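Fold and geometry: a report
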Amino acid sequence: MEAVDVEISIVLGRSVLPMQQLLRMGRGAVIPLDASERDEVWILANNHPVARGEIEIRDDRIAITVTRTADVYDFMAGAA
């Protein structure tokens, strides 16, 4: 049996910054996002949107609960 590597990423919000502002940021800088902790996140597999989910915090762990399939066109359009 062969293994398949899949990178899973979670995206909560987006931000557009001018390159000059990004280059001036130092360690500990905060980048404001267009989302809150209650918004759905995007779940990506190898940078491709596959599902939407909700953030859950239990004790000292953060988990994501899958809520529905992702619409790749919404993701590309920047929908929340």
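All chains use their own residue numbering, which begins from 1 and follows the written sequence. Reporting in this predicted model follows two pLDDT cut-offs: at least 70 for local features of residues, and 80 or more for side-chain atom pairs to be given and counted; totals over whole chains, interfaces and linings ignore these cut-offs and use all residues. Hydrogens and water molecules were not included; the side-chain quantities draw on all heavy atoms of the structure.

To continue, consider the pairing of strand β3 (residues 48–58). Looking at chain direction, strand β2 (residues 41–45) and β3 are connected through five bridges and run antiparallel. Following the sheet pairing, alanine 45 is matched in β3 by histidine 48. A strand pair is defined by DSSP finding two or more bridges across the two strands. A helix here means a DSSP run of H or I that spans at least four residues, while a strand means a run of E at least two residues long, and both kinds are numbered starting from the N terminus. Taken together, β2 and the strand that follows it, β3, pair antiparallel across an intervening segment of two residues, in which asparagine 46 is found at a positive phi of about 50 degrees. Looking at chain direction, β3 and strand β4 (residues 61–69) are connected through eight bridges and run antiparallel. Bridge assignment links alanine 51 to a residue of β4, and that residue is threonine 69. The loop that links β3 with its antiparallel partner β4 comprises two residues; one of these, aspartate 59, has a positive phi angle of about 55 degrees.

Pairing of aromatic rings covers Phe, Tyr and Trp, the last through its six-membered ring, and needs centres within 6.5 Å; plane angles under 30 degrees mean stacked, over 60 mean edge-to-face, and all others mean tilted. In the structure shown here, the tally under the stated rule is one aromatic pair. Relative to phenylalanine 75, the ring of tryptophan 42 has its centre 5.1 Å away and its plane inclined at 75 degrees; by these criteria the two rings are edge-to-face. Placement of tryptophan 42 in strand β2 and of phenylalanine 75 in helix α2 (residues 72–77) is noted, with a sequence separation of 33 residues between them. The exposure class assigned to tryptophan 42 is buried, which follows from its relative accessible area of 3%. Note on criteria: charge over ring means Lys NZ or Arg CZ within 6 Å of the ring centre, with the direction from the centre no more than 35 degrees off the ring normal. Stacked on the ring of phenylalanine 75, the Lys or Arg arginine 14 has its end atom at 4.4 Å from the ring centre. Burial status follows relative accessibility: with a 1.4 Å probe on protein chains alone, a residue under 20% of its type maximum counts as buried, one over 50% as exposed, and anything between as partly exposed.

Let us now look at the environment of isoleucine 64. As for its placement among the helices and strands, isoleucine 64 is situated in strand β4. With a relative accessible area of 30%, isoleucine 64 lands in the partly exposed category. Isoleucine 64 sits twelve residues away from arginine 52 along the chain, and the two C-alpha atoms are 9.2 Å apart. Residue contacts are defined here by distance: any two heavy atoms, one from each residue, within 4.5 Å place the two residues in contact. For isoleucine 64, the residues in contact, after removing those within four places along its chain, are Ile10, Val41, Ile43, Gly53, Glu54 and Ile55.

Attention shifts here to the environment of valine 72. Along the chain, the position of valine 72 falls in helix α2. Relative accessible area serves as the criterion here: at 28%, valine 72 is assigned to the partly exposed category. Spatially, the C-alpha atom of valine 72 lies 9.3 Å from that of alanine 51, the residues being 21 residues apart in sequence. Apart from residues no more than four positions distant in its own chain, valine 72 is found in contact with His48 and Pro49.

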